[in-house]
Amino acid sequence: MVTPELADGTGLIEFPCPSTHPAFDVGFSKSGDSGCTYGFRIGSDGSVRAIANGEAGGTGIAADVSGADVSVMLSDGVVYLRVDGEGGAAYTVTIPEDARNSVYRGVISAEASATPLYLTSVRSNGVVETGYFRRAGTQPYSRQGVLPLQPQPYCHAH
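Position labels on residues start from 1 in each chain and follow its written sequence. The model is predicted, so local features are restricted to residues of pLDDT at least 70 and side-chain atom pairs to those at 80 or more, both for listing and for counting; the totals for chains, interfaces and linings are taken over all residues. In computing side-chain properties, one takes all heavy atoms of the structure into account and sets aside hydrogens as well as water.

Peer 1: Go over the packing of aromatic side chains, please, and point to the residues and values.
Peer 2: Each pair of aromatic rings taken from Phe, Tyr and Trp, with Trp reduced to its six-membered ring, is defined by centres within 6.5 Å and is described as stacked if the planes are under 30 degrees apart, edge-to-face if over 60, and tilted in the remaining cases. Scanning all chains against the criterion turns up 2 aromatic pairs. Ring geometry for phenylalanine 15 versus phenylalanine 24: centroids 6.0 Å apart, planes at 55°, classification tilted. In this scheme, a residue with accessible area under 20% of its type's maximum is buried, one over 50% is exposed, and one in between is partly exposed, where area comes from a 1.4 Å probe on protein chains only. The class of phenylalanine 15 is buried, set by a relative accessible area of 3%. Both rings, one in tyrosine 38 and one in tyrosine 104, keep their centres 6.3 Å apart while their planes meet at 65°; by these two values the pair is edge-to-face. Within this pair, whereas tyrosine 38 is found in strand S4 (residues 38-42), its partner tyrosine 104 is found in strand S10 (residues 104-110), the two being separated by 66 residues in sequence. The class for tyrosine 38 is buried, based on a relative accessible area of 3%. Numbering of helices and strands starts at the N terminus; helices are DSSP runs of H or I of at least 4 residues and strands are runs of E of at least 2.

If you want it as structure tokens, here you go:
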């Protein structure tokens, strides 16, 4: 899923994290970039790692987010993660000063997996609620009330 460009440099993506899911990224990308530039990687085990400049960190910042309400917000050059309404300094990614004037889009992208990513009640920028479905493979499909997510390149950790 990719949102339209954020008009004022602020954005919000929130959703209930499914109990079972593949690893996926949620956050923001510079307009024109593919994948997640700043945000968070949620592992299939519910762990969370920060993503900065398109790279996922090696250290987990949270655990057991599967089944929790997740929100990721971009404001004043900082990306904030909240899990069931709780956050903190460790749950942030600061965008470097020289990248803050870029135009960003919200993004959710899943790795290819036998386990599909089902997201329901996704809110983007706090105004739109939609159900999304993403299935790994070459034949995504939709059914009534469920829209396919467009496959996005996966941010790889190094």
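There's more to say after this.
Peer 1: Describe the environment of serine 47, listing the residues and the values that go with them.
Peer 2: Considering the arrangement of structural elements, one finds serine 47 in the loop between S4 and strand S5 (48-52). Between the C-alpha atoms of serine 47 and alanine 23, which are 24 residues apart in sequence, the distance is 9.2 Å. Contacts of serine 47, omitting those with residues within four sequence positions, involve Arg41, Ile42, Ala62, Ala63 and Asp64. For this analysis, a polar contact is any N or O atom pair within 3.5 Å, provided that within protein one partner can donate a hydrogen and the other can accept it, and provided that sequence-adjacent residues contribute only side-chain to side-chain pairs. Separated by 2.7 Å, the side chains of serine 47 and aspartate 45 make a polar contact. Any two residues whose heavy atoms approach within 4.5 Å are treated as being in contact.

Peer 1: Before we move on, could you go through the side chain of serine 71 and cite the residues and values that matter?
Peer 2: Mapped onto the elements, serine 71 comes out in strand S7 (residues 69-75). When near neighbours in sequence (up to four residues on either side) are disregarded, serine 71 contacts Leu12, Ile13, Glu14, Tyr80, Leu81 and Arg82.

Peer 1: Break down the environment of alanine 114 for me, with residues and values.
Peer 2: Within the fold, alanine 114 resides in the loop between S10 and strand S11 (117-124). The exposed category is assigned to alanine 114, whose relative accessible area is 84%. C-alpha separation for the pair alanine 114 and histidine 21, spaced 93 residues apart in sequence, amounts to 9.5 Å.

Peer 1: Tell me what's going on with the nonpolar core, and back it up with residues and numbers.
Peer 2: Only buried residues count toward a nonpolar core. Its members are Ala, Val, Leu, Ile, Met, Phe, Trp, Tyr and Cys residues joined through side-chain atoms within 4.5 Å. With 30 residues, the main nonpolar core has Phe15, Ile42, Val79 and Ile108 as its most contacted residues. Excluding anything up to four places from it in sequence, valine 79 contacts Phe28, Tyr38, Gly39, Phe40, Val72, Met73, Leu74, Tyr91, Thr92, Val93 and Ile95.

Peer 1: Report on the sheet that holds S4, specifying residues and quantitative values.
Peer 2: Spatially, 6 strands are ordered S1-S10-S3-S4-S5-S6 in an open sheet, and the strand pairing comes out antiparallel. Bordering the open sheet on either side are strand S1 (2-5) and strand S6 (55-62), each of which pairs with just one other strand. The sheet shows a mean angle of 20° between the axes of neighbouring strands, taken without regard to direction. Here the rule is simple: two strands pair whenever DSSP picks up at least two bridges between them. Axis definition: a line fitted to C-alpha atoms, over the contacting stretch in the case of helices. Angles run 0 to 180 degrees between N-to-C directions.

Peer 1: Which residues make up unusual backbone geometry, and what are the values?
Peer 2: Although it is not a glycine, aspartate 84 sits at a positive phi angle of roughly 50°. Mapping aspartate 84 onto the fold places it in the loop between strand S8 (78-83) and strand S9 (92-94). For aspartate 84, a relative accessible area of 49% corresponds to the partly exposed category. Positive phi, normally seen in glycine, also occurs at serine 121, with a value near 55°.

Peer 1: Give a detailed account of the pairing of S5, specifying residues and quantitative values.
Peer 2: The sheet contact formed by S4 and S5 spans 4 bridges and is antiparallel. Bridge pairing in S5 places arginine 41 opposite arginine 49. Counted between consecutive antiparallel strands, the loop separating S4 from S5 contains 5 residues, among which glycine 46 sits at a positive phi close to 90°. Pairing between S5 and S6: 4 bridges, direction antiparallel. Bridge assignment links valine 48 to a residue of S6, and that residue is alanine 62.

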